[in-house]
Structures are given as structure tokens and as C-alpha cells.
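Each chain, written out:
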Amino acid sequence: MAQKTFNIDAFPQGYFMSWFVTTQAAFTVSASLSDSSGTYFSGTKTSMNIEPPLAQGAANIGGTNLVLNINIPQSEAILNSINSYNITNPSGNIVGYGYNICIEDGTDNDFNDVNIALVAWKSKG
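Residues numbered from 1 in each chain as written. Predicted model: local features only at pLDDT ≥ 70, side-chain atom pairs only at ≥ 80, totals over all residues. Heavy atoms only, no water.

A. Representation of the sheet that holds strand β6 (residues 67–72). The strand order across the open sheet built from four strands is β1-β6-β3-β4, with neighbouring strands paired in antiparallel fashion. Either end of the sheet is taken by a strand with one partner, and the two such strands are β1 (2–7) and β4 (38–47). Sheet twist, expressed as the mean angle between neighbouring strand axes with direction ignored, is 15°. Where β1 and β6 come together, six bridges link them in antiparallel fashion. Bridging from a neighbouring strand, lysine 4 pairs with isoleucine 70 of β6. (Pairing = 2+ DSSP bridges. Helix = DSSP H or I, 4+ residues; strand = E, 2+ residues; numbered from the N terminus. Axes fitted to C-alpha atoms, helices over the stretch in contact; angles between N-to-C directions.)

In C-alpha cells:
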């Protein structure tokens, strides 16, 4: 049984956050995003079909200690590739942050079993 927790520490409380999570794994994948104020999403999917997404949505970040939990009971290990970035305006000021996390649940190292896109902006609209 493999489980992994990702600390999403670049996203400040009060920012507006968006998420999009897809899977195309033979194994069952459970994912949740939560912080001290509660859970933003929690879902489980078993399908090699990427559609529909496991989760998608948006909310204001209400608490602290934002974490993404991934649980793949049939997997022996969860490997990941993370791309984190700043979103800047033309003056170079940071107006948001993002994470792209690609997960491998087996041994073929294609890193396409779970894909998570998380973005948070200082303001909405």
C-alpha cells in the first residue's frame, strides 16, 4: 500500500485556488486536498480512461497547512515529478503560484497515472 503527502506550502491563506486532477491508472487512486479549515475535495477512481477527471473545482484557501494526499493501495511505491512555478505580472510581481504533479504508480515510469494541476492567485476575477 502506497501513500504520499505533498505539502502545498507556497499557497497563502486567502488566495483563490483552482484544481484539476486526472487519472489513467489500472490501480485505484484516492486523492484529497485539505487544510486546517477542512477538505476541498476527496475522490477515488479506478479507470484507465482519463475521462471524467477525478476532481476539478475552485475555492478560496480558508486555512493553513494545505496538503494533497494520494493513496494507491495496490501500488508498492508512489513516484512523482513536480513542477512548481510563480505567476508574475508584466512588472515581475508575483500574483500567484502553481504546481503540476505527475505520479507514477508502477514500474513503467511513464508518470501519467495521476496528474494534478493546482494554481492559486492573490485575487479572483
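On we go from here.
B. Fine view of the packing of aromatic side chains. Taken as a whole and assessed by the stated rule, the structure comprises four aromatic pairs. For the ring pair phenylalanine 11 and tyrosine 99, a centre distance of 5.5 Å and an interplane angle of 55° mean the geometry is tilted. You can see phenylalanine 11 sitting in the loop between β1 and β2 (16–23) and its partner tyrosine 99 sitting in strand β8 (residues 94–104), a full 88 residues away along the chain. In this structure phenylalanine 11 comes out as buried when scored by relative accessible area, which is 5%. Of the residues examined, tyrosine 99 reaches a relative accessible area of 9% and is grouped as buried. Plain terms: the ring middles of tryptophan 19 and tyrosine 40 are 6.2 Å apart, the flat faces sit at 55° to each other, and that makes the pair tilted. In this pair, tryptophan 19 is assigned in strand β2 and tyrosine 40 in strand β4, connecting sequence segments 21 residues apart. Relative accessible area serves as the criterion here: at 6%, tryptophan 19 is assigned to the buried category. Ring-pair connections join several aromatic residues into one group, and the members of that group are Trp19, Tyr40 and Phe41. (Phe/Tyr/Trp six-rings, centres within 6.5 Å; stacked < 30°, edge-to-face > 60°. Buried < 20%, exposed > 50% of the residue type's maximum accessible area, 1.4 Å probe, protein only.)

C. A look at the sheet that holds strand β5 (residues 55–60). If you walk across this open sheet you meet the five strands as β5-β2-β9-β8-β7, and the pairing is antiparallel. Unpaired on one side and paired on the other, β5 and β7 (79–88) mark the two borders of the sheet. If you compare each strand with its neighbour and ignore which way they point, the axes differ by 10° on average. In terms of strand pairing, β8 meets strand β9 (residues 114–121) through eight bridges, oriented antiparallel. Along β9, the bridge assignment pairs glycine 98 with valine 119.

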